[in-house]
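One letter stands for each residue in the lines below.
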Amino acid sequence: LGVELLAKLIARIGIHGIEIAAELDTIFRDILKNENITLTPETTAKDVDGWDSLTNMRLITAIEKHYNIRFGLREILKFKHVGDLCASIQAKKK
């Protein structure tokens, strides 16, 4: 990660969110079969080729399994970008 992106991530999701963001990069790359994906807190489905509704459910399932957590449907529907997803994971891991 570049210094500017790292500073932006820390400001947005905190130092512990950096680890989550790196893990999410790996999960997204695996599910979407794209090694070039680099997520930011502002990344949305519109920003990533192949991230459609079916892929979204596959991503959510993989994330739930990876972190041993569960998201409610309403919670999933409120996610506007990756930053929201990171924040929710952080809250559930506490």
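Residues numbered from 1 in each chain as written. Predicted model: local features only at pLDDT ≥ 70, side-chain atom pairs only at ≥ 80, totals over all residues. Heavy atoms only, no water.

1. Focus: the overall build of the protein
Assigned secondary structure in the protein consists of five helices and zero strands. With 94 residues in all, the protein has 39% of them scored as buried. Once local pairs closer than 6 in sequence are excluded, the contacts in the protein between residues at least 24 apart make up 52%. (Helix = DSSP H or I, 4+ residues; strand = E, 2+ residues; numbered from the N terminus. Buried < 20%, exposed > 50% of the residue type's maximum accessible area, 1.4 Å probe, protein only. Contact = heavy atoms within 4.5 Å.)

2. Structural notes on the nonpolar core
Counting 23 residues, the largest nonpolar core has Leu24, Phe28, Ile63, Tyr67, Phe71, Leu85 and Ile89 as the members making the most contacts within it. Broken down by secondary-structure element, the contributors of at least two residues to this core are helix H2 (15-32), helix H3 (53-67) and helix H5 (82-93). A per-element tally of this core places H2 first, with seven residues. Among residues more than four places away in sequence, those in contact with Phe71 are Ile60, Ile63, Glu64, Ile76, Phe79, Leu85, Ser88, Ile89 and Lys92. (Core = buried A, V, L, I, M, F, W, Y, C linked by side-chain atoms within 4.5 Å.)

3. Re the pattern of salt bridges
For the structure shown, the criterion picks out two salt bridges. Residue Glu64 is joined to Arg70 by a salt bridge in which the shortest nitrogen-to-oxygen separation is 3.8 Å. Given a relative accessible area of 11%, Glu64 falls into the buried group. On the accessibility criterion, Arg70 (58% relative accessible area) is exposed. A salt bridge links Lys92 to Glu75; the nearest nitrogen and oxygen atoms lie 3.3 Å apart. Of the two residues, Lys92 sits in helix H5 while Glu75 sits in helix H4 (residues 73-78), which places them 17 residues apart along the sequence. On the basis of relative accessibility, which here comes to 24%, the residue Glu75 falls in the partly exposed class. (Salt bridge = Lys/Arg side-chain N within 4 Å of Asp/Glu carboxyl O.)

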